[in-house]
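Structural features, examined
Next come the chains, spelled out residue by residue.
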Amino acid sequence: MKRLPKILFVLIFFVSSLSANLYANEPVQKTEQNEELNVREFILEHISDSYSWHITKIGEHEISIPLPVIVYSNTTGWHVFMASAFHQSKVYEGLTIAEEGKYKGKIVEIDNKGSEVRPFDISITKNVFSLLFSSILLIVVILVVARSFKKNPMQSKSGFIGFMEMFIMNINYDVIKPCVGKDYKRYAPYLLTLFFFVFTNNVLGLIPIFPGGANVTGNIAITFVLAIITFLIVNISGSKEYWREILWPDVPFWLKAPIPLMPLIELVGVFTKPFALMIRLFANMLAGHSITLGLTCLVFVTVKMGPAMNTSMTVLSFLFNVFIGFVEILVAYIQAYIFTMLSAVFIGLARVEPHHKKEKFKI
Amino acid sequence: MLLLPESGLLFWMLLSFGAVVFILTKYGFPVIIKMVVSRKTYIDESLLIAKQAYIEMDKVKAAGEVIVDNARREQVKILNEATQTRDLLINDAKDKAILEGKKMIDEARRQIQLEKEDAISDIRRQVAELSVDIAEKVLRGKLEKKDEQMNMINRLLDEINISKS
């Protein structure tokens with residue numbers, strides 16, 4: 001078994017150098033410029049959404065899993081079909097995938113004047129599919145654990161259920177309890193759901209084969225919804241003291257009386273907190289995917305620099321990718337952890353009790 | 001492009017995350033947390049009970065040891081008493097036996113003495129008879145002749161005279 005990594009390494013080295021040679025021998029002069037341009041496009045295409053799940057390309061044949069398109073147009077009503085319909089004809093039922101412009105890569109409708117109109121689009125895209133998959137996976141896993149607990153409550157759990165118990169209780173006691181403080185039990189189920197939702201999607205994003213690999217938590221829509229829900233919970237559970245500290249903070253009078261300077265700053269703070277949550281998770285996951293793809297692209301970018309350079313760069317790319325893979329596993333956990341912890345902290349801060357300074361002075 | 005949330009994805013995200021939150025906050029995490037907490041309290045209670053049971057057991061053990069100790073002491077005492085009683089009995093019996101033996105021996109001795117005396121007197125009598133017989137026979141033998149008889153009578157008379165004078 002000890003020799004396995006060595007063998008794997010040599011094999012990858014061999015295959016990559018072979019493929020590099022093959023590419024090098026091809027007459028690529030003509031497409032060289034295109035390929036150079038493609039790196040950015042390639043990364044952007046992979047981290048953004050798409051209507052079919054592209055798996056690989058064998059020769060000239062694209063292999064992808066078509067996903068359903070669900071579109072409502074103001075003029076023509078509902079359209080439901082598989083995305084594979086676009087393979088046969090570029091325009092299907094008056095709809096097409098825009099190749100340029102504002103709606104690049106999205107389904108658009110071409111109206112009478114020839115301009116592109118974006119219909120209401122709730123297609124099961126790559127991200128949506130991955131999202132649904134991870135949601136179902138999460139529900140199943142947690143319910144299985146819950147059912148095992150319901151069945152044999154006093155039994156000590158082992159294996160996967162024991163691991164999940166440890167994981168859940170760790171987040172519950174070491175993150176949620178100290179951060180929310182008193183009354184944490186009310187918020188624990190939501191915060192746990194938040195943690196495991198983000199964590200599942202992060203980890204699934206790291207798996208490069210079919211159900212994983214989508215950039216779900218690296219999409220702003222996802223983090224936006226998560227941040228909005230946290231924002232709502234924080235502000236709905238805000239205590240009187242919390243609002244008083246925002247609208248009438250303990251600062252010199254002139255800072256809040258004629259011009260409400262401090263209240264304004266505090267009010268901005270209310271919105272920056274969830275905004276930071278949203279951007280942090282989004283940017284981290286996006287960056288992780290981008291780095292992995294960028295390092296992979298190193299192999300193809302260096303093709304024209306000759307076999308020696310290409311081979312060494314391939315090895316380098318492989319090593320860096322392994323390293324980044326480990327880092328990304330860490331990041332997947334840390335980002336879920338931070339999102340949950342900060343949500344818990346914000347909830348805890350919104351439930352402040354009044355400081356009893358003034359009363360003490362009175363006595 | 002990347003910073004604009006897509007309406008379709010927003011819709012699906014709200015739907016699926018809403019469903020996940022609804023299901024898991026209702027049937028998932030609260031159940032698990034409740035069970036883990038109840039199991040924890042159960043374990044804590046069991047440990048406490050076990051601890052108490054240990055203490056109780058120690059107490060019982062100590063009490064038992066005291067009882068056993070007492071019993072042992074009692075046993076030793078009883079044994080000692082028994083030994084003493086036995087010795088006493090044996091000694092008594094011995095003394096009695098010796099006494100009885102002495103008595104019997106004395107009796108036997110006296111009996112023997114009596115027998116002996118009887119036998120001796122018997123022998124004496126027989127010896128006397130025998131000697132008388134013998135003397136008779138001797139006298140008869142000697143007094144067969146007349147002169148002899150006369151001599152005898154004379155001598156006897158002499159003797160009587162001598163003794164009278």
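Predicted model, so just to flag it, every value in this text is computed and none were measured. (Residues numbered from 1 in each chain as written. Chains lettered and ligands numbered in written order. Predicted model: local features only at pLDDT ≥ 70, side-chain atom pairs only at ≥ 80, totals over all residues. Heavy atoms only, no water.)

The subject of this paragraph is the overall build of chain B. Along chain B, the regular secondary structure elements total 2 helices and 0 strands. In terms of overall size, chain B is more extended than a compact globule, its C-alpha atoms giving a radius of gyration of 65 Å where 165 residues would be expected to give roughly 15 Å. Projected onto its principal axes, the C-alpha positions of chain B cover 200 × 30 × 25 Å. Split into buried and exposed, the 165 residues of chain B put 12% on the buried side. (Helix = DSSP H or I, 4+ residues; strand = E, 2+ residues; numbered from the N terminus. Rg over C-alpha atoms; globule rule 2.2 N^0.38 Å. Buried < 20%, exposed > 50% of the residue type's maximum accessible area, 1.4 Å probe, protein only.)

On to the overall build of chain A, then. Tallying secondary structure elements over chain A gives 11 helices and 9 strands in all. Out of the 363 residues belonging to chain A, those deemed buried represent 42%. For chain A, restricting intrachain contacts to residue pairs at least 6 apart in sequence, the fraction spanning at least 24 positions comes to 63%. About 20,900 Å² of surface is accessible on chain A, with carbon and sulfur atoms providing 69% of the total. (Contact = heavy atoms within 4.5 Å. Areas by Shrake-Rupley, 256 points an atom, 1.4 Å probe, with all protein chains shown as cover.)

By domain assignment, chain A separates into domain 1 (65-121) and domain 2 (126-353). Computed from C-alpha atoms alone, the centre-to-centre distance between domain 1 of chain A and domain 2 of chain A is 33 Å. (Domains from an automatic or database assignment.)

All names here are of chain A. Here we have 3 strands laid out as an open sheet, ordered β4-β3-β9, and antiparallel in their pairing. Edge positions in the open sheet fall to β4 (77-82) and β9 (120-121), since each of these has one partner strand only. Here 6 bridges tie strand β3 (residues 68-73) to β4, and the two strands are oriented antiparallel to one another. By the bridge assignment for β4, Val71 is matched with His79. (Pairing = 2+ DSSP bridges.)

Relative orientation of the contacting elements helix α5 (residues 159-180) of chain A and helix α1 (residues 7-142) of chain B amounts to 90 degrees, with a least axis distance of 11 Å. As far as their axial angle goes, α1 of chain B and α5 of chain A are roughly perpendicular. Residue-level inspection shows Glu165, Ile168, Met169, Asn172 and Tyr173 of chain A of α5 of chain A in contact with α1 of chain B, the latter providing Phe29, Ile32, Ile33, Val36, Val37 and Arg39 of chain B. A per-class count over the contact of α5 of chain A with α1 of chain B returns 8 nonpolar, 1 polar and 2 charged. (Axes fitted to C-alpha atoms, helices over the stretch in contact; angles between N-to-C directions. Parallel < 35°, antiparallel > 145°, perpendicular 65-115°, else oblique. Nonpolar A, V, L, I, M, F, W, Y, C, P; charged D, E, K, R; others polar.)

For the rest of this paragraph, the subject is the packing of aromatic side chains. Taken as a whole, this structure holds 20 aromatic pairs over all chains when the rule is applied. With a centroid separation of 5.6 Å and an interplanar angle of 75 degrees, the aromatic rings of Phe81 of chain A and Phe86 of chain A are classed as edge-to-face. Accessibility expressed as a relative area gives 8% for Phe81 of chain A, which makes it buried. Ring plane angle 70 degrees and centroid distance 5.1 Å describe the contact between Tyr242 of chain A and Trp243 of chain A, whose orientation is recorded as edge-to-face. The exposure class assigned to Tyr242 of chain A is buried, which follows from its relative accessible area of 7%. Taking the relative accessible area as the measure of exposure, Trp243 of chain A reaches 32% and is therefore partly exposed. Among the aromatic side chains, those forming a connected cluster through ring pairs are Phe163, Phe167, Phe195, Phe196, Phe199, Tyr333 and Tyr337 of chain A together with Phe29 of chain B. The ring centre of Phe149 of chain A lies 5.1 Å from the NZ or CZ of Lys157 of chain A, which sits over that ring. (Phe/Tyr/Trp six-rings, centres within 6.5 Å; stacked < 30°, edge-to-face > 60°. Lys NZ or Arg CZ within 6 Å of the ring centre and 35° of its normal.)

Residues and elements named next belong to chain A. Judged by side-chain polarity, Trp243, Leu247, Trp248, Phe253, Leu267 and Phe271 come together as a nonpolar surface patch covering roughly 630 Å² of accessible area. Sorting the residues of the nonpolar patch by element identifies α8 (240-247) and α9 (261-301) as the ones contributing at least two each. Mapped onto the secondary structure, Phe253 falls in the loop between α8 and α9. (Patch = residues over 30% accessible without salt bridge, like charges linked within 9 Å, V, L, I, M, F, W, Y side chains within 5 Å. Salt bridge = Lys/Arg side-chain N within 4 Å of Asp/Glu carboxyl O.)

Residue and element names in this part refer to chain A. Checked against the element boundaries, Gly218 lands in the loop between α6 (184-206) and α7 (220-236). Under the relative-accessibility criterion, Gly218 is labelled buried at 2%. In the structure, Gly218 is positioned 66 residues away from Asn284 in sequence and 7.2 Å away in space, judged by C-alpha atoms. Once residues within four sequence positions are removed from consideration, Gly218 is found in contact with Phe282, Met285 and Leu286.

Now for the pattern of salt bridges. This model, assessed by the stated rule, comprises 13 salt bridges over all chains. Here Arg110 of chain B makes a salt bridge to Glu107 of chain B, at a shortest N to O gap of 3.0 Å. One end of the pair is Arg110 of chain B and the other is Glu107 of chain B, both in helix α1 and 3 residues apart, which spans about a single turn. On the basis of relative accessibility, which here comes to 38%, the residue Glu107 of chain B falls in the partly exposed class. One connected set of salt bridges, linked through shared partners, spans Lys106, Arg118 and Asp121 of chain A together with Glu6 of chain B.

Attention now moves to the nonpolar core. Counting 71 residues, the largest nonpolar core has Leu191, Phe196, Phe197 and Leu226 of chain A as its most contacted members. Residue assignment for this core shows that the elements contributing at least two residues are α4 (126-151), α5, α6, α7, α8, α9 and α10 (307-350) of chain A together with α1 of chain B. With 14 residues, the single largest contributor to this core is α1 of chain B. With residues up to four places along the chain from it excluded, the contact list for Leu226 of chain A reads Tyr190, Leu194, Phe197, Val198, Leu281 and Phe339 of chain A together with Met13 and Phe17 of chain B. (Core = buried A, V, L, I, M, F, W, Y, C linked by side-chain atoms within 4.5 Å.)

What follows covers the pairing of strand β2 (residues 61-66) of chain A. For a regular strand, side-chain orientation follows a simple rule: the groups alternate between the two sheet faces. All names here are of chain A. The pairing of strand β1 (residues 52-58) with β2 spans 6 bridges and is antiparallel. By the bridge assignment for β2, Ser52 is matched with Pro66. Turn length for the β1-β2 hairpin, with the two strands adjacent in sequence and antiparallel, is 2 residues, and the turn residue Gly59 shows positive phi of about 65 degrees.

Residues and elements named next belong to chain A. In space, the 4 strands of this open sheet follow the order β5-β6-β7-β8, with antiparallel pairing throughout. One side of each edge strand has no neighbouring strand; the edge strands of this open sheet are β5 (91-92) and β8 (116-117). Note that β5 and strand β6 (residues 95-97) share 2 bridges and pair antiparallel. By the bridge assignment for β6, Val91 is matched with Thr96.

Here the focus is the packing of α9 of chain A against α10 of chain A. For the pair α9 of chain A and α10 of chain A, interaxial distance at closest approach is 8 Å and the crossing angle is 170 degrees. As the angle between them shows, α9 of chain A and α10 of chain A are arranged roughly antiparallel.

Contacts between chain A and chain B engage 53 residues on the former and 34 residues on the latter. For the chain A and chain B pair, buried surface summed over both sides reaches about 3,800 Å², with 85% attributable to carbon and sulfur atoms. Across the chain A-chain B interface, the total number found is 3 salt bridges. Here Glu6 of chain B makes a salt bridge to Arg118 of chain A, at a shortest N to O gap of 2.4 Å. (Buried area = accessible area lost by both parts, 1.4 Å probe.)

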